[in-house]
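# Residue-level structure breakdown
Read off the chains here:
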Amino acid sequence: MIETLMALAAENGFSHWAAADMSALTPRQDVRDMCCADRCGRWNASWSCPPACGTLEQTAADIRRFDAGLVVQTTGALADEFDYAAMEDIQRRHKRSFESFARQVRLLTGECLPLSAGSCTLCRRCTYPDRPCRFPQRRMASMEAYGLLVSDVCQRSGLGYYYGTGTMTYTSCVLYKTKNEVT
Ligand code: SF4
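A brief structural summary. Keep in mind that what you see is a predicted model, and the values were worked out from it rather than measured.

Attention now goes to the pairing of strand 3 (residues 112–115). Burial along strand 3 is two-sided: Cys112 and Pro114 facing one way and Leu113 and Leu115 facing the other are all buried. Bridge count between strand 3 and strand 4 (residues 167–176): four bridges; the pairing is antiparallel. Residue pairing for strand 4: Leu113 is matched across the bridge by Leu175.

With that settled, the discussion passes to the site of the ligand. Every residue lining the ligand is accounted for by Ser46, Trp47, Cys120, Leu122, Cys123, Cys126, Thr127, Cys133, Arg134, Phe135 and Arg139. Among the residues forming the shell around the ligand, the class breakdown is seven nonpolar, two polar and two charged.

It is worth spelling out the packing of aromatic side chains at this point. Following the criterion strictly, the structure yields three aromatic pairs and no others. Between Trp47 and Tyr128, the aromatic rings sit 4.8 Å apart at their centres with planes inclined by 85°, giving edge-to-face as the arrangement. Of this pair, Trp47 sits in the loop between helix 2 (29–36) and helix 3 (56–64) while Tyr128 sits in the loop between strand 3 and helix 5 (150–156); the two residues are 81 residues apart in sequence, bridging distant segments of the chain. For Trp47, a relative accessible area of 23% translates into the label partly exposed. A relative accessible area of 16% means that Tyr128 is categorised as buried. Linked through ring pairs, Phe14, Phe98 and Phe101 together constitute an aromatic cluster. Sitting over the face of the ring of Phe135, Arg138 holds its NZ or CZ atom 5.3 Å from the ring centroid.

Here Pro50 and Pro51 are connected by a cis peptide whose omega angle stands at 0°. Positioned with a positive phi, Asp38 is a non-glycine residue whose angle comes to about 60°. One non-glycine residue, Asn44, lies in the positive phi region at around 60°. Summarising the element assignment, Asn44 is placed in the loop between helix 2 and helix 3. Relative accessible area serves as the criterion here: at 42%, Asn44 is assigned to the partly exposed category.

To continue, consider the side chain of Thr59. With respect to the helices and strands, the residue Thr59 is situated in helix 3. Its relative accessible area of 1% is what places Thr59 among the buried residues. Polar contacts involving the side chain of Thr59 include one to the main-chain carbonyl oxygen of Leu56, which spans 3.1 Å. Here Tyr146 takes part through its backbone oxygen, which lies 3.2 Å from a polar atom of the side chain of Thr59. For Thr59, the contacting residues outside a window of four places in its chain are Pro27, Arg32, Cys53, Gly54 and Tyr146.

Each value, and the rule that gives it
Residues numbered from 1 in each chain as written. Predicted model: local features only at pLDDT ≥ 70, side-chain atom pairs only at ≥ 80, totals over all residues. Heavy atoms only, no water. Buried < 20%, exposed > 50% of the residue type's maximum accessible area, 1.4 Å probe, protein only. Helix = DSSP H or I, 4+ residues; strand = E, 2+ residues; numbered from the N terminus. Pairing = 2+ DSSP bridges. Near = heavy atom within 4 Å. Nonpolar A, V, L, I, M, F, W, Y, C, P; charged D, E, K, R; others polar. Phe/Tyr/Trp six-rings, centres within 6.5 Å; stacked < 30°, edge-to-face > 60°. Lys NZ or Arg CZ within 6 Å of the ring centre and 35° of its normal. Polar contact = N/O pair within 3.5 Å; in protein donor to acceptor, adjacent residues only side chain to side chain. Contact = heavy atoms within 4.5 Å.

Interpretation note: all reported values are geometric properties and have no functional meaning in isolation.
Structure below.
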């Protein structure tokens, strides 16, 4: 399965990918605390982000249903460290690729857990908390929202997290089952 998913990652245009070190996929309170500090403005503002995406106990239980994963990255070039237009463009490309990739992995595996980069942006304005999510089957929480320290997951999975001056990288992962008995 992993070879098939790696081939799919290449087809979807990712820059780097590697099998996830599943022992690194442990939700951490310090990461949840960073969400809670709300520097991105998405705390308590989206069905895909904390607190709506679940407690750390719930995200850990969700992750434990799977025994394998693939980490994928999109790296792009920046003109300088203030090139926000390029950063947004790289993130847009990464999200588009990852949505397509996750849909294909779901078709292949039957059940998987995609964890994206950044908050859900499917709708111009999230319905949270007044109305139910418009696309509960398509929305994805981010790795950070699940309490994962992305740099650590990358490093322990044999990937870089930062590919040097003048670059920006976005990272996501998809978890899947290799054994039916994983619950
Ligand atoms: S799909 Fe729409 S309503 Fe649901 S979490 Fe994403 S932005 Fe919010």
